[in-house]
Amino acid sequence: MASRIKVIITDAQQEVKVPTGIRMLLRRACTAVLVQERFEKQSEVGVRFVDNDEIRALNAKHRNIDEATDVLSFPLGENGEYDTNHGTGALLLGDIVISLPRAVEQARLFGHSLQRELAFLTVHSMLHLLGYAHEAGGLEAVRMREKEEQVLVQLGLPRSNTYTM
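About the criteria used
Residues numbered from 1 in each chain as written. Predicted model: local features only at pLDDT ≥ 70, side-chain atom pairs only at ≥ 80, totals over all residues. Heavy atoms only, no water. Helix = DSSP H or I, 4+ residues; strand = E, 2+ residues; numbered from the N terminus. Rg over C-alpha atoms; globule rule 2.2 N^0.38 Å. Buried < 20%, exposed > 50% of the residue type's maximum accessible area, 1.4 Å probe, protein only. Contact = heavy atoms within 4.5 Å. Axes fitted to C-alpha atoms, helices over the stretch in contact; angles between N-to-C directions. Parallel < 35°, antiparallel > 145°, perpendicular 65-115°, else oblique. Left-handed = near helix turned anticlockwise from the far one by under 90°. Nonpolar A, V, L, I, M, F, W, Y, C, P; charged D, E, K, R; others polar. Salt bridge = Lys/Arg side-chain N within 4 Å of Asp/Glu carboxyl O.

(A) Summary view of the overall build of the protein chain. A tally of helices and strands in the protein chain yields 5 helices and 6 strands. Its helices and strands taken in sequence order, the protein chain reads β-α-β-α-β-β-β-β-α-α-α from the N to the C terminus. A compact globule built from 165 residues should have a C-alpha radius of gyration of about 15 Å, and the protein chain, at 15 Å, falls within 12% of that. Dimensions of the protein chain along its principal axes, counting C-alpha atoms only, are 45 × 35 × 35 Å. Expressed as a percentage of the 165 residues in the protein chain, the buried residues total 45%. Taking as baseline every contact in the protein chain between residues at least 6 positions apart, the subset at least 24 positions apart corresponds to 68%.

Below, the structure is given as C-alpha cells:
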C-alpha cells in the first residue's frame, strides 16, 4: 500500500523566489520517506519557507540557540502516537520550517543544486517527525544519514563526488 500524505507548503519569506518544481519535489520527498519507513497511514505535514530572521527567532524560542539555522522540525507525535485531523482522519506528523535563504547559501557552499539541498532538508526533517534523532551522534546519527541518502538516491539526487570547501 502506498503512503498517502498531504503536504501543505507555505512561503512566508520574500528573499528568494521558490523555484518551479520545488513544491512537487518536496511532496515526493515526504512520500519517499514514508514509503521507506513503511508508514502506510494517511498523514499530513506542513512545510513553511521562512527567512533567516524568522528561523533564528524560532530557534531561540524553541531550542535556546540564538542563531539562524537551515531547518527546524516540530513533531506532533511521540512514540508513534500522533494527533489526528478529525475532519480527514489523517495523522498530523508535524511541521518543517526551512530557511530558504540559508538553503540557497548551503547549496552554493556544498556545490550542489538547490533542489538537492531542499530535498535533503525535507527528508532530514521528515525523519525527525517520525522520531529519528542524531543529536547524540554515534550509531543513531549514522543510521539517520544512511536513510537520508537512500531516499535522495531514490529521488535521483545522490550525493555528488564533488564538494566545494
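(B) Representation of the packing of helix α3 (residues 100-110) against helix α4 (residues 114-129) in the model. One way to put it is that α3 packs onto α4 with a least axis distance of 8 Å and a crossing angle of 120 degrees. Judged by the angle between their axes, α3 and α4 are oblique. α3 and α4 meet at a crossing whose hand is right-handed. Contact residues: Leu100, Ala103, Val104, Gln106, Ala107 and Phe110 in α3; Leu114, Glu117, Leu118 and Leu121 in α4. Across the contact of α3 with α4, the residue classes tally to 8 nonpolar, 1 polar and 1 charged.

(C) Broad picture of the pattern of salt bridges. Overall, the coordinates contain 6 salt bridges when judged by the stated rule. Across the salt bridge formed by Glu54 and Arg48, the nearest N and O atoms sit 3.6 Å from each other. On the basis of relative accessible area, Glu54 is assigned to the partly exposed category, the value being 30%. Judged by relative accessible area, Arg48 falls into the partly exposed class, the value being 28%. For Asp66, the salt bridge is made with Arg56, and the minimal N-O distance between the two is 2.9 Å. In this pair, Asp66 is assigned in the loop between α2 (52-63) and β3 (71-75) and Arg56 in helix α2, connecting sequence segments 10 residues apart. By relative accessible area, Asp66 is classed as exposed at 53%. The exposure class assigned to Arg56 is partly exposed, which follows from its relative accessible area of 39%.

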